Amino acid sequence: MAFELPQLPYAYDALEPHIDARTMEIHHTKHHNGYTTKLNDAIQGTDLEGKSIEDILANLDMSNGGVRNNGGGFYNHSLFWSIMSPNGGGNPSGELAEAINSVFGSFEEFKNKFSSAAGTRFGSGWAWLCVHKGGAVEICSTPNQDNSLMPNTGCGGHPILGLDVWEHAYYLNYQNRRPDYINAFFNVINWGKVAELYAANK
């Protein structure tokens, strides 16, 4: 089965004013769709065909640029759409909140460190909150379309929250004001979904 572009669980304008409809539409139908198509092309006729995206990335030959870039792009964006919601924002609760507080001391300190990881990522890339087996969480960032599932990215655990800091994710609305975009992202985070991912992968 070829990978398919996932449908968004909300309308393109549902995250406004924090993320504008035109950016969402272009991001989903052009960028994510492009990664999906190119990933299918890259694995067609290889032993990767029919494997899950997680399996492909976890056992990736990092010199295989076609699968690395497009497999990462497919996975990262699929996660990105799922952890945002028009009813998002607020603070995490339950076990996830406890894990965040245990590592960072408070939600505000987590927010500062996550914002710093996103803001200081040079060029294009992602900021991540990942969970390790046992439940400890970690913030890290990766360049381009890399993620913590891939080997030797310097970023461990399973991603449960990711922020796209490629310019295509925010430039129409925020231009060069990446910090404003990062701050706006906290208004649309679906902490319920992040908590589900935490519970499933700890």
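Rules of the game
Once a new chain begins, its residue numbering starts again from 1 and follows that chain's sequence as written. Where local features are concerned, this predicted model is filtered to residues with pLDDT of at least 70; where side-chain atom pairs are given and counted, the filter is 80 or more; whole-chain, interface and lining totals use all residues. The basis for every side-chain value is the complete set of heavy atoms in the structure, and neither hydrogens nor water enter the calculation. In DSSP terms, a helix is any run of H or I states spanning at least four residues, a strand is any run of E spanning at least two, and both are numbered starting from the N terminus. Relative accessibility thresholds used throughout: buried, under 20% of the residue-type maximum; exposed, over 50%; partly exposed, between the two (1.4 Å probe, protein chains only). We call two residues in contact when some of their heavy atoms are within 4.5 Å. Whenever a nitrogen or oxygen atom comes within 3.5 Å of another N or O atom, the pair is scored as a polar contact, on the condition that within protein one atom can donate a hydrogen and the other can accept it, and that pairs from neighbouring residues in sequence are kept only if both atoms are in side chains. A pair of cysteine sulfur atoms is labelled a disulfide when the two atoms are within 2.5 Å. Only the contacting stretch of a helix is used when fitting its axis, a line to C-alpha atoms as for every element, and angles between N-to-C directions run 0 to 180 degrees. Reported orientations rely on four angle classes, namely roughly parallel under 35 degrees, roughly antiparallel over 145, roughly perpendicular from 65 to 115, and oblique for the rest. Any residue outside Ala, Val, Leu, Ile, Met, Phe, Trp, Tyr, Cys, Pro, Asp, Glu, Lys and Arg is labelled polar, Gly included; the first ten of those are nonpolar and the last four are charged.

S.K.: Please explain the environment of K111 as it appears in this structure.
M.R.: Among the structural elements, K111 can be located in helix α5 (residues 107-119). Under the relative-accessibility criterion, K111 is labelled partly exposed at 21%. In sequence terms K111 and N183 are 72 residues apart; their C-alpha atoms lie 9.1 Å from each other. Every residue in contact with K111, bar those within four places of it in the chain, is listed here: N183 and F186.

S.K.: Sorry if this is basic, but what is going on with the side chain of T142 here?
M.R.: Here T142 shows up in strand β2 (residues 137-143). On the basis of relative accessibility, which here comes to 0%, the residue T142 falls in the buried class. At 2.6 Å, the side chain of T142 forms a polar contact with the backbone oxygen of D146. The contacts of T142, once residues within four sequence positions are left out, are R121, S124, G125, W126, W128, N147, T153 and C155.

S.K.: Can you walk me through the state of the cysteines in this structure?
M.R.: Two cysteines whose sulfur atoms are joined by a covalent bond form what is called a disulfide. In this structure the tally under the stated criterion is 1 disulfide. Residue pairing for C140: its cysteine sulfur links by disulfide to C155, the two sulfurs lying 1.7 Å apart. When the S-S torsion is 60°, as for the bridge of C140 with C155, the disulfide is right-handed. Highlighted residues: C140 in strand β2 and C155 in the loop between β2 and β3 (158-164), separated in sequence by 15 residues. Of the two residues, C140 and C155, both sit in the buried class. Free cysteine C130: the closest other cysteine sulfur is in C140, separated by 4.1 Å.

S.K.: Where do I start with the packing of helix α4 (residues 94-104) against α5 in this structure?
M.R.: For any two helices packed against each other, one specifies the inter-axial angle together with the distance between the axes. Here α4 crosses α5 at 75°, and the two axes come no closer than 8 Å. The orientation of α4 with respect to α5, classified from their angle, is roughly perpendicular. Of the residues in α5, those in contact with I100, N101 and F104 of α4 are F107, E109, F110 and K113. Residue composition of the contact of α4 with α5, by class: 4 nonpolar, 1 polar and 2 charged.

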